[in-house]
Each structure stands twice: as C-alpha cells, then as structure tokens.
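# Analysis of the macromolecular model
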Amino acid sequence: MSVSVVSPVFIGRREELASLATLLARASDREPAFALIGGEAGVGKTRLVRELTGRAADLGFLVLTGQCVELGAEGLPLAPLVDALRTLARVMAPGELAGVLGPAGAGLARLLPELAPDGPGPGPEPAGAAGADRHKGQLLEMVLGLLDRLSTRQPVIFGIEDLHWADQSTLDLIAFLVRSLRDTRVLLLATYRSDELHRRHPLRPLLTSWERMRSAGHLELLRFDRAEVTAQLAAILGREPAPDAVDAIFDRSGGNAYLVEELAGAALGGDPADLSPTLRDVLLSRVDGLSPDAQRLLRTAAVAGRSVPDRLLAAVAGIGETEFFAGLREAVENHLLEVDPRGQGYAFRHALTRDAVYEDMLPGERVRLHAAYGAALARDPGLAADEAARPAALAYHWYAALDLPRALPAAIDAASSALASYAPAEALRHLERAQEIWPRVDDAPQRTGLDQVELSARAAEAAYRSGALNRSQSLLAGALAELPEGTDPVRRALLLERFALAQRDAGRAADAVTSLEQALALLPAEPDSRAHAVVLAALAAAHMRCADLERSAEVAQRAVTAARAAGAIGAQAEAEITLGSTTAYLDRAEAGLGPLRSGVRLALEADIPATALRGYINLSDVLELLGQHAEAAQIARDGLELALQAGLARTFGSYLIGNQAEPLLRLGEWAEVDRLVSEALTELPEGVFGATLEELQTELAAVRGQYDDAARRLRDARRLVGGTTDVQFTQPLHFSEAMIALGRGDLTAAREVVGTGLAGAPPSWAARYAWPLVWLGLRIEADQATRYRDRREPVPAAVTDRVADLTGLAGRLPTPAPPARGYQTLAAAERARAEDSGEEAAWPAAVAAWRAAGEPYPLSYALLRQAEAAIARGDRDTAAPAVREAQDLAERMGAVPIATEAGALAQRARLGTRPSTAEEPETTGAARGAADPAAGADELARFGLTEREREVLRLLAAGQSNPEIARALFISAKTASVHVSNILAKLGVGGRVEAAAVAHRLGMAPSVPTERSH
C-alpha cells in the first residue's frame, strides 16, 4: 500500500502569497502585472503557483498555464503557449472560442490545429525581408490581441513555468507581452530555476531589464526553515514527526521542499540516518522499490521527456495491457508520475526525478528506446501529443538514436514546422543540426530534395528572421562558397541580395552596396527580369543608407522601370518609396511625395505590409521635413495601426512611434510625446532607434528647463547611437547638449558643442538638422555680445567673426519648407541682436515665419525677443501683447525657461501681466551671468554700486515703482528717486526698464518684498 509523500497542506510562503495577491488585485483593476518567481529546483515554485491559481480561479480568473520543455530547441517551440491554447479550447464552447480568437484564429491554428476545424491558415511567407519581418511579429500581436479580448470577459492569468528551459520564441513572446500589455485584466506569471542560469544564459538579460519595471513583482523563493520542514513532515505523516527524524531530514534536504518529500518517502520504512548520501540515490530510492514492470515504464517514459502520451508510451514499452496499466498505477500511486490535465498522458511529478531515471540508464538502452520512439511516431503520427509536436519529436529521437539518415530529413521538416509556428530561432537550430549531419549521410540530397546551397540559404533565412544578422551573413557566405563559380548566375545574384540585406541591417551599408553591385553584374543586361528589379531596389535602398542620394535616386528609377517590365509589384513599391525619399532630400521635397504615396498604395494593394510600413515611415518623415506636422503625425499613426494588424509593431511600429512623436513635439503636444515615447522606452530599443527616442526625451527635458534629466538622457542616447557619424542622429544630439549648456548659463560650453555639431560642410539634405544648430550658435553669440555691452565693454572681434561665419553658413543652407524659413528668420534676428542694429524689423519677421510654420515653441521665443526689443525702444503697446502670448504659449507647453523669462520681463517693465505660474527651471536666465565662466564672480561690482543701490536695483528689477521701493526700504520717495537716478547714471542706461534688463542679464535676481506693518 502506497503512502502519500505530498503534503496535503500548503506550507509557509505567507509573504509571497500576499505579494502575489496584490498583483492579482492590480490585474483585476485593469493594471496588467507580471509575477516572476525564481528559486532552485524543488524549492516549491510549482506548488506556490498552484496555490495562487487556485485562489485566482475562485476569484473568477481564467487560468491559462503552460510549461517549457526541457529539450530546448528539439522540443516543441512555444510549448507553454500551445498548452495554454489547449486549455482554452477545452474550457470554451466552439462558438465562444471563435469569438475570442477573432482574426488570430487561423494563425494560432498553426500551433494547435484543433483551434481551426477547417484547417490552419496559410504557411510561412516566402523568403525576403518583407515576409521575414511580417512573420516575425505576427504571433506576438495575435497573442496580445487574444489576451486583450479574453480580459474583457474575465481577468486572466497566463503562466509560463520553467522559463529557464524556454526556447527563444517563448522568451520573445513573454518579453513582448510584459512590455506591451496595457489596460487589460491580465497577470503574467513565470517561474524559473535560479540555479540553472549560467553567465551566458539567454534569460539573464531579460531578468535584468524586468528588475527595473514597476509592474513586475520578482519573488525569490528560499528554502524552508526547520519549523516549516517540521510542519511539512507532520502534514505528510499525519502526525508529529520524531525530533531526530526532523533533524536528519532537515540536515539532508537543506530545507528544499521536494527533497523533504523524497526523504520522507524513503524514510518511512526505516531510519532516516541510513539514507544514501547522494542526491541521485535519494531520488531513485522510491524507484528502486517499484516492480520491474513499473521501473521499465518509468525508464521508457524518461526517454520521451518530462511528459508522454499514454498511447505512445504503450507502443514503445511493448508490454501487455494488464502489465502496462498495473505499472502505471504503481508509478502514479507512488507519486513518481501524474496524469496530465487532459487525461491522455503522464508526466513526471518533478523534472529532477526524470533526470535521475534517464541518467541511470545504460547508453545502449537509451539509444534503443529513442529509436523505438522514432519508429512509433513515423509509423503512426496520431501517437504524438499533437501534430505540431511530431516533427520536433522525430528530429529529437532519431538524432538521439544516432540514426543520422533519418535524423537529417526530420531536422529539415522540424525547421519548416518551427517557421510555420513563428519560431525562427528554433528553425535555425534544427537547420544547423542538419548542416552538421549532412556530410555524414551519403545520399543527403536524395533524402531531402535539397542541395547544400539551399540548406545554407534556408538556415540563413531563419537566422535573418530571428535577428541573428551576423549568423545570417556567415551562412550566406557559406552558401555562396558552395555554389560553383560560373553556374546559375541568377541564383548567385539573389543569394548576394539576401547577403546584402543582412549586411545593411547590421550597419554595413557600404559593404551591402558592394555585394549588390556584384549581384547586378552577374545578371544579363537584357531583358529586365524580376531578379533585376529585386537587386536594383535593394541597391537603391543601400545607397540611400550610405547618404549617396543622387546615386540612390538614379538606381531607384532604374529599379522602377525593371519592376514594371517584370511585373514585380513588391520590388516596384520598394523602389518607388526609395525614389520618393531621395528626391525629397535632394531639395525637391514636394516632388518626393508622389512616388512615396504611390509606393505605399502599391504595397497595400499587393498586401505587402512590411513594404507599406517602410513607405509610411518615409512618407511621415518627408511630411515632417516639409513642416506638415499634423499630417506627418497622422500618417505615422495610420502606419502604426497597420503594424498592429500585420503583427509588426515590434519592428516598423517602433520607428512609427518616433515619427509620430517628433511632429507632436513641434506642435507643442508635449504630454502626448511623453506618453508615446515613455511606453516605447519601457524596454529600451537598441541602436539608433533607441537613441532617437532618447534624443526626443532629451530635447523635451531641455526646453522644459529640466537640465539634469536632459543630461542623463543625453548620456543614454549617446551610448545607444554608438560611433555613427550620420548627421540625422548626431546633430539633434548636439542641439540638445548645447541647449542644456545654454540653459545652465555656460556659453563657452554651448558654443563648443555647436561648433562640433556643425564641423565640416553639412550636406544640403541635412539642412533640416543643421538649421537649429545655426540658430542656436547665433543666439549664443548674441547673448555674449549683449553681455559685453551690458558691462560697457567693446564686443571682441572673435564674437563678430563667429557671427559672420554662422551667417555665411546660414546663407548656404536651403529653405525648402516653413520650419527652415523660420530658422532663417531667427538666425537673421539673432545676428541683428548681436550687432545691436535692425532688431525692430527682424523679430516681427521671425514671429510671422513661425506663425506660418505652426510651431509654438520657437514662436514663443520669437515673441519674447520681440517684446524685449519693443520695451528697449519704449514701444509698450507692441511689447504687452507679445510678452503675454509668449508666456501663455510657454506655460501651455511646459516650456518653463521661456515662461519664467516672459513673466520676469513683464514684471520689470510693469506691463500689467500676471507673474508666470511655471515652475522655476533648474538654472534661470537671471543666473546665467554667474554661471558663465567668462562673466566673473560679481558682474555689478564694476559699476561701483553701493549696498543700498543694489537693494534699490533688485526692487527696480522686480518692476517696483519709486513709492513702492520707498515703502519696502523705509525711505522717502524722494530718496528712492535719487537712488534710482544714481543707478541709471552708473549703469549708463537711459531708463529704469533698461536698467532692470541689464541687472537681469548680469545675474541679479529680482526681489519682491513682502508687506511690512509698522
């Protein structure tokens, strides 16, 4: 008679359950949460999950869980998702199931055919960048949509156990869900063995990123203490254990819950002190007590893996039905095996036991059983757990059986199945194993229907789809080397085209151009074929990536012609998109819109979403170049919707978020920019795209006056952008860095940054990025020149020379659109301010230009300067509405420095406007004199003001009248008037407003007194 070694009572873990209950409550309130449970093997992770999911089910949660398979790449890719889908199919009626699956039903049926009674959707798309990118993201969006629909009905737990064994596609899936779930009633749950994570384990970087997430709750389960082991033993035995037994078991198990159970079971019939010292012997002690038939069944089951269907186990075991079921009952009653939830198979209760049984077998015995499994699955496909699992299982068993002639085609079939199941990384592993086997199988081409070139090309395509670009290049280089010189030039050319795409996406655009030119040279000159069109379209895009726009436009036009002749719609769409982009940046922006729109339309009509999305990205970029901000944001938004529908939100969707955020930044919709970019940066994208998003946040922080935050983000952006010299990435970063230095009052540092950003002659197509730096450079020199004049010193020739150089550069930059013309007027106005002449007309022109451009931030700055110039000449009627509008615009956006300066200007000029309600920036404009190293420690000391005159000047700078100054300082109005006259004379200014302006610019903070009583 068997005795249970499993505690019927849940022991301990009160704090952990409380933390998980908090996450459950958050998920119920439409705040998605993520619970990550780590710990060593056997510590109790699975028991904790079962306790939690049981309680969640009582609260109305739908519980979907799955387990990663220990066989890694050789097991079924996305096994936890398949388990969860199988549970869903079991608990829902067919009509109900079809409703929640929605448009994802056909696609998910590739993983679990029973989801689509009429058969799964189409197979994987053909090779190519468009198909690869589309295929890579489809599954992720389908699962995201499914969880969203399910959570509208009831809250959901989606759990993945043993994440340390996860295939790459499962890791990609959970990383995507953690980042992408929003406003849904979903709790993600994952367990992993912390003792399995070696230094290069693929789960490690994900764990590091999840540690920083507010929505993630990370629990690390510790072993039981002695009191908890005592409670566990008491529950198992049904009585209080003897103290010496507790001591022995606690000492041997170390508090590991599973080992406590195993030791308790082994000790029931004897003295715990007599137990074998090795872990394997402890795990096998109960196995050794079984009958021979039960032991044989356990060994057979161990070869299958953690679980095995009952019909497959019976077929391989080869024993009579009576003995078969008797042995199974014995293994189940002794808690070594358990019935799987579907009731159609058996699983080891713990992987440690399966490991011990498998390793205890003789090598020959393992090989024989693997061969038996392979033969059974080949003979009767219905023996597999499901059809999708069969190819991977065959590949595993034939390879483990050392039957390489059968293992080779099985590996290729498993790779095809993995690609159809959205698992390119697992397909790559199968194909690399096939490459390893190939030389040892004499009739490999006859068995597979392939040659080595095609096998390498398929492996390269799987590598490309999984993002392993360097591996893809290496495999394609091997394929090219295997193809004899002079044979099949079209095939060689198309292989070179694939090689070039991997080179380009890995940042080697110049090498990609070389490879594509070699491919083009292999093709016959006439007539134009599909191969011509494909290679030319890729070559045009590579030239554009290299900033050779003239050459790119020329090749793109040839590609369009070839594609039309060959009827290659995809290549034509790609070429037209490239042609439109290059035309736009060759100072013919309006002319580029036609080909761009045509390319997008062609791609949509041909149902090539990846190409259409590239078009949306480039079209929104060109519209932003033209200053059509609202349409640029809308086009990017439309593209993002398509990306979600096509399952490409991770790739193209990320770029579209950036292209949507930039025009919104220019339109002053800064809160929306914050939301978009913050969500995209939840899990920071790599490379230049991540740098672009960080740069947007850097600029936003700088114009808000949050200089410390801006500096931190700038460092992150520079790290991501790496060593690129592409001005579309480097010049915006230089602009933000100069804005930070200027905001902190360090004119010298700001000037150096601008100089670095403008070093060399910027190409005309980069004028969009150069113009802000040119304006900022002239603004810095104007500030410096004004400071010298405030100090009654001559403006140095160096300042005048820099103004001339920057003005010359401005004259060489094109102005194809309203934003460029706005910067041109700002540059002219800053020059007038630096030269102290012509400001009267310059600032109104800048205001008019920025009104036409529709950008509130530079408009608010131009209005502020217009008001300042009007006050200097005594034109209060012009100054008052200008400073009021500048302040209103700045406060609405959150541009604190401008709002603060506008409020201070209005106050000291007594224009009757309200003080600014904006928070003070980290370093205000009034403090710039003190912050600038060139300004000296006390700018006002040179004017010989007495302490009383300084007090008067502070109040005057705050806009106080003579009677108000007199009341504040307890002096007569006549004495206040005398002090003011002396101050004006010492400063050499013509009026009190000008004196207040000088004090403000030289760093004196105005003082507004509180009311005093006598």
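What counts and how
Residues numbered from 1 in each chain as written. Predicted model: local features only at pLDDT ≥ 70, side-chain atom pairs only at ≥ 80, totals over all residues. Heavy atoms only, no water. Axes fitted to C-alpha atoms, helices over the stretch in contact; angles between N-to-C directions. Helix = DSSP H or I, 4+ residues; strand = E, 2+ residues; numbered from the N terminus. Left-handed = near helix turned anticlockwise from the far one by under 90°. Contact = heavy atoms within 4.5 Å. Buried < 20%, exposed > 50% of the residue type's maximum accessible area, 1.4 Å probe, protein only. Pairing = 2+ DSSP bridges. Phe/Tyr/Trp six-rings, centres within 6.5 Å; stacked < 30°, edge-to-face > 60°. Expected span 1.5 Å × (residues − 1). Core = buried A, V, L, I, M, F, W, Y, C linked by side-chain atoms within 4.5 Å. Salt bridge = Lys/Arg side-chain N within 4 Å of Asp/Glu carboxyl O. pLDDT = per-residue confidence, 0-100.

## Describing the packing of helix H17 (residues 363-379) against helix H18 (residues 390-400)
Helices that pack against each other are described as a pair by the angle of their axes relative to one another and the distance between those axes. The interhelical angle for the contact between H17 and H18, taken along N-to-C directions, is 145°, at an axis separation of 8 Å. The way H17 lies across H18 gives a crossing that is left-handed. Two secondary-structure elements touch here, H17 through Val367, His370, Ala371, Tyr373, Gly374, Ala375, Leu377 and Ala378 and H18 through Arg390, Ala393, Leu394, Tyr396, His397, Trp398 and Ala400.

## Some words on the pairing of strand E4 (residues 186-193)
Counting buried positions along E4 gives eight out of eight residues, so the element sits mostly inside the fold. Burial along E4 is two-sided: the residues Val186, Leu188, Ala190 and Tyr192 and Leu187, Leu189, Thr191 and Arg193 are all buried. Sheet topology places strand E1 (residues 33-39) next to E4; seven bridges connect them, and they run parallel. Bridge pairing in E4 places Phe34 opposite Leu188.

## What to know about the packing of aromatic side chains
Here a ring pair, both rings aromatic, is described through the centre-centre distance and the interplanar angle of the planes. The full count for this structure, using the stated rule, is eight aromatic pairs. Ring centres 6.5 Å apart and planes at 35° place the aromatic pair Phe735 and Trp775 in the tilted group. Linking Phe735 in helix H36 (residues 727-743) with Trp775 in helix H38 (residues 767-790), this pair joins segments that are 40 residues apart in sequence. Each of the two residues, Phe735 as well as Trp775, counts as buried. A connected cluster of aromatic rings, assembled from ring pairs, spans Phe735, Trp775, Tyr823, Trp843, Trp850 and Tyr861.

## Considerations on the pairing of E1
Taken across its seven residues, E1 has seven buried, putting it largely inside the fold. Residues Ala33, Ala35, Ile37 and Gly39 of E1 are buried on one face, and the alternating residues Phe34, Leu36 and Gly38, pointing to the opposite face, are buried as well. Note: E1 against strand E5 (residues 216-220), five bridges, orientation parallel. In the strand pairing of E5, Ala35 is matched with Gly217.

## Quick look at the environment of Ile412
Mapped onto the elements of the fold, Ile412 is located in helix H19 (residues 404-420). When the C-alpha positions of Ile412 and Ala395 are compared, they lie 8.4 Å apart, and in sequence the two are 17 residues distant.

## With respect to helix H42 (residues 856-872)
In this model H42 runs 24 Å from its N-terminal to its C-terminal C-alpha over 17 residues, within 8% of the 24 Å that 1.5 Å per residue would give. Along H42, 16 of the 17 residues are buried, which leaves the element largely enclosed by surrounding structure. Once H42 finishes, Gly874 follows within two positions and takes phi at roughly 80°, a positive value.

## Details of the nonpolar core
Most often, soluble globular proteins have nonpolar side chains that are buried together. The biggest cluster of nonpolar side chains holds 143 residues, and the ones touching the most others in it are Leu298, Leu312, Leu313, Tyr373, Leu408 and Leu495. Leu313 has contacts with Leu297, Thr300, Ala301, Val308, Phe324, Leu328 and Tyr373, leaving out every residue within four places of it along the chain. In this structure, Leu640, Trp670, Tyr823 and Ala827 belong to the second largest nonpolar core, which totals 94 residues.

## What to know about the pattern of salt bridges
For the coordinates displayed, the defined rule picks out 52 salt bridges. A salt bridge links Arg597 to Glu631, with the nearest nitrogen and oxygen atoms 3.1 Å apart. On the criterion of sequence distance, the pair formed by Arg597 in helix H29 (residues 589-605) and Glu631 in helix H31 (residues 629-646) is long-range, its members being 34 residues apart. According to the relative accessible area criterion, Glu631 is partly exposed, its value standing at 30%. A salt bridge links Arg666 to Glu662, with the nearest nitrogen and oxygen atoms 4.0 Å apart. Taken together, the residues Arg666 and Glu662, both in helix H32 (residues 652-666) and four residues apart, mark about one turn of the helix. Classification of Glu662 by relative accessible area gives buried; the value is 19%. Through salt bridges that share partners, Asp783, Glu830, Arg833, Arg865, Glu868 and Glu901 make up one connected network.

## Let's talk about the environment of Ala389
Checked against the element boundaries, Ala389 lands in the loop between H17 and H18. Spatially, the C-alpha atom of Ala389 lies 8.8 Å from that of Ala79, the residues being 310 residues apart in sequence.

## Section: the confidence of the model for the protein chain
Chain-level pLDDT for the protein chain is 85 on average; 89% of the residues reach the 70-or-more range. Taken as a whole, residues 924-937 scores under 50 in pLDDT and shows 28 contacts with residues more than four places along the chain or in a different chain.

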